[in-house]
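# Working through the structure, step by step
Residue-level listing of the chains:
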Amino acid sequence: MSGRGRILGDSLVTALAPVVWGSTYLVTTELLPPDRPLLAALLRALPAGLLLVLFARTLPSGVWWWRSLILGTLNIGAFLYLLYVAAYLLPGGVAALVMAVQPVIVMLLAALLLGDRLRLTHVLACLLGASGVGLLVAGPETALNPVGILAGLCAAVSMGTGLVLTKRWGRPAGVSLLGATGWQLTAGGLVLLPPTLLLEGLPASLSAANLAGYTYLGLVGALLSYLVWFRGLERLPALAVSFLSFASPLTATLLGFLVLDETLTPAQGAGALAAIGAVLLVQLTSHRPARKGNEDRPRLARTGETNGSMTETNRFRQTDRTIDNRHSNKAP
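What counts as what
- Residues numbered from 1 in each chain as written.
- Predicted model: local features only at pLDDT ≥ 70, side-chain atom pairs only at ≥ 80, totals over all residues.
- Heavy atoms only, no water.
- Helix = DSSP H or I, 4+ residues; strand = E, 2+ residues; numbered from the N terminus.
- Expected span 1.5 Å × (residues − 1).
- Bend = angle between axes of the 7 residues up to and from the residue.
- Buried < 20%, exposed > 50% of the residue type's maximum accessible area, 1.4 Å probe, protein only.
- 1 Å grid on protein atoms, 1.4 Å probe; cavity = no way out; pocket = protein on both sides within 12 Å on 5 of 7 lines; lining within 4 Å.
- Points joined across faces, edges and corners; volume = space filled by probe spheres on them.
- Nonpolar A, V, L, I, M, F, W, Y, C, P; charged D, E, K, R; others polar.
- Axes fitted to C-alpha atoms, helices over the stretch in contact; angles between N-to-C directions.
- Parallel < 35°, antiparallel > 145°, perpendicular 65-115°, else oblique.
- Left-handed = near helix turned anticlockwise from the far one by under 90°.
- pLDDT = per-residue confidence, 0-100.
- Contact = heavy atoms within 4.5 Å.
- Phe/Tyr/Trp six-rings, centres within 6.5 Å; stacked < 30°, edge-to-face > 60°.
- Patch = residues over 30% accessible without salt bridge, like charges linked within 9 Å, V, L, I, M, F, W, Y side chains within 5 Å.
- Areas by Shrake-Rupley, 256 points an atom, 1.4 Å probe, with all protein chains shown as cover.
- Salt bridge = Lys/Arg side-chain N within 4 Å of Asp/Glu carboxyl O.
- Core = buried A, V, L, I, M, F, W, Y, C linked by side-chain atoms within 4.5 Å.

### What about helix α4 (residues 64-89)?
Spanning 26 residues, α4 covers 35 Å between terminal C-alpha atoms, matching the ideal 38 Å at 1.5 Å per step. Along α4, the helix axis deviates most sharply at Thr-73, where the bend reaches about 50°.

### Things to note about unusual backbone geometry
Of note, the phi angle at Asp-35 is positive, near 60°, even though the residue is not glycine. Tracing the backbone shows Asp-35 in the loop between α2 (24-31) and α3 (37-56). Assessed through its relative accessible area of 63%, Asp-35 is described here as exposed. The backbone phi angle of Arg-57 is positive, close to 55°, even though this residue is not glycine. Note on placement: Arg-57 falls in the loop between α3 and α4. The class for Arg-57 is exposed, based on a relative accessible area of 76%.

### A short note on empty space enclosed by the protein
Summed over all chains, the structure comprises 2 cavities of 30 Å³ or more. Lining of the largest cavity is provided by 19 residues; of these, Tyr-25, Phe-79, Met-99, Ser-245 and Ser-248 occupy positions nearest its centre. Only α1 (3-21), α2, α4, α5 (92-99), α10 (208-235) and α12 (247-259) provide two or more residues apiece to the lining of the largest cavity. Considering each element in turn, the lining of the largest cavity owes the most residues, 3 residues, to α4. Among the residues making up the lining of the largest cavity, the classes are represented as 14 nonpolar, 4 polar and 1 charged.

### Side note on the packing of α4 against helix α8 (residues 146-169)
Two elements in contact, α4 and α8, have axes whose closest approach is 8 Å; the angle formed by their N-to-C orientations is 155°. Regarding the angle of α4 to α8, the classification is roughly antiparallel. When you trace α4 past α8, the crossing you get is left-handed. Residues of the contact of α4 with α8, tallied by class, amount to 20 nonpolar, 8 polar and 1 charged.

### Digging into the confidence of the model for the protein chain
Detail in the predicted coordinates should be disregarded across regions flagged by low pLDDT. Averaged over all residues, the pLDDT of the protein chain is 79; the fraction at 70 or higher stands at 78%. Looking at the elements of the protein chain, mean pLDDT is at its lowest for helix α14 (residues 311-330), recorded as 51, and at its highest for helix α9 (residues 177-200), recorded as 95. Note that pLDDT drops below 50 for residues 289-313; the model gives that stretch 32 contacts with residues more than four away or on any other chain.

### Some details on α8
Between the first and last C-alpha of α8 there are 34 Å, a value that for 24 residues agrees with the 34 Å anticipated at 1.5 Å per step. One or two positions beyond α8, positive phi appears at Gly-170, with a value near 60°.

### Quick notes on the packing of aromatic side chains
By the definition in use, this model includes 5 aromatic pairs. Between Trp-21 and Tyr-226, the aromatic rings sit 5.1 Å apart at their centres with planes inclined by 45°, giving tilted as the arrangement. Taken as a pair, Trp-21 in helix α1 and Tyr-226 in helix α10 lie far apart in primary sequence, 205 residues in all. Assessed through its relative accessible area of 0%, Tyr-226 is described here as buried. Each ring, one from Tyr-226 and one from Phe-230, has its centre 5.7 Å from the other, and the planes form 35°; the classification is tilted. Taken together, the positions of Tyr-226 and Phe-230, both in helix α10 and 4 residues apart, correspond to about one turn of that helix. The burial state of Tyr-226 is the same as that of Phe-230; both residues are buried.

### So, a nonpolar patch on the surface
A cluster of nonpolar side chains, contributed by Leu-254, Phe-257, Leu-258, Val-259 and Leu-260, occupies part of the molecular surface with about 450 Å² of accessible area. Note that Leu-260 resides in the loop between α12 and α13 (266-285).

### Considering the environment of Thr-24
Position of Thr-24 relative to the elements: it lies in helix α2. Sequence spacing of Thr-24 and Ser-248 is 224 residues, and the spatial spacing of their C-alpha atoms is 9.1 Å. Once you skip the residues sitting within four places of it in the chain, Thr-24 turns out to touch Arg-44, Leu-83, Tyr-84 and Leu-217.

### Overview of the nonpolar core
Counting 78 residues, the largest nonpolar core has Phe-79, Leu-80, Leu-185, Tyr-226, Trp-229 and Phe-243 as the members making the most contacts within it. Take this core: its biggest share by element is 11 residues, from α4. Beyond its immediate sequence surroundings of up to four residues, Leu-80 is in contact with Ala-41, Arg-44, Ala-45 and Tyr-226.

### A word on the packing of α2 against α4
Packing of α2 against α4 leaves a shortest axis separation of 10 Å and a crossing angle of 65°. Crossing of α2 over α4 shows right-handed handedness. Between α2 and α4, the residues in contact are Thr-24, Tyr-25, Thr-28 and Thr-29 and Leu-83, Tyr-84, Ala-87 and Tyr-88, respectively. The residue inventory of the contact of α2 with α4, partitioned by class, reads 5 nonpolar, 3 polar and no charged.

Shown next, in the form of structure tokens:
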């Protein structure tokens, strides 16, 4: 398969994760018990994480204990809780619109932590994508709950930061994608466990619809989706992966049309095309061929390093390897 074909294939597979996540708003409002964002996040993350850890039979070591805790909190624990708060307090489309700031966060952090170049095309793609999502979800019935808006913004910051740190740290040699994903899901679930028990408690009973919703979100919305998401993050630039998240509001809008009998306007159609155009723009401009002389540089897919990585990224990774080696030498 050609390089362009491989990139297209990886992008399409990775986009399946935000497509599934776009159904979270519908499942939350239609199937889950009301006003239990902590419980929803916990049951989505912890069972899936424990299944993956048991299957992979690998535990973190050295610095990967605290790295897994940080990544699990940012990508899973804090993100899912804040996402469910936004989903409970805002219409699905509005929550998706607030989350559309995530690519901007990733663009800035990738320049700072990964050494990625800030490109005008990427700035324009951020504006185009946010405008498209705005057209896609805006309507006279749009309600703006300030707590929901704040939760959505914090969720975008949390996952954007976690995405860039996951790209920078990669995963340790010899650890499978299943194991590394399981670490994050388990860590995020364990972070959610104490506040869930203290603040919400466990429900006295769950209906069949509740069980179906939690099962879907745990197996499909967490276990399978995060495997696909982190696989894509290893193979694609961080910003390109972040822009694929625009598939989430597209899915939420489409499900509203198909399941909830919501209407689609010409403005929403234009917004969908704008969001898709922003994704394509980033996918086409984030995979520049390496400069002459870089052909012999090894491609480190596991650490998330691509041909577009610069010397600054190598310096960061060498620092991380040095820390890993020091901790390994201290181990008995």
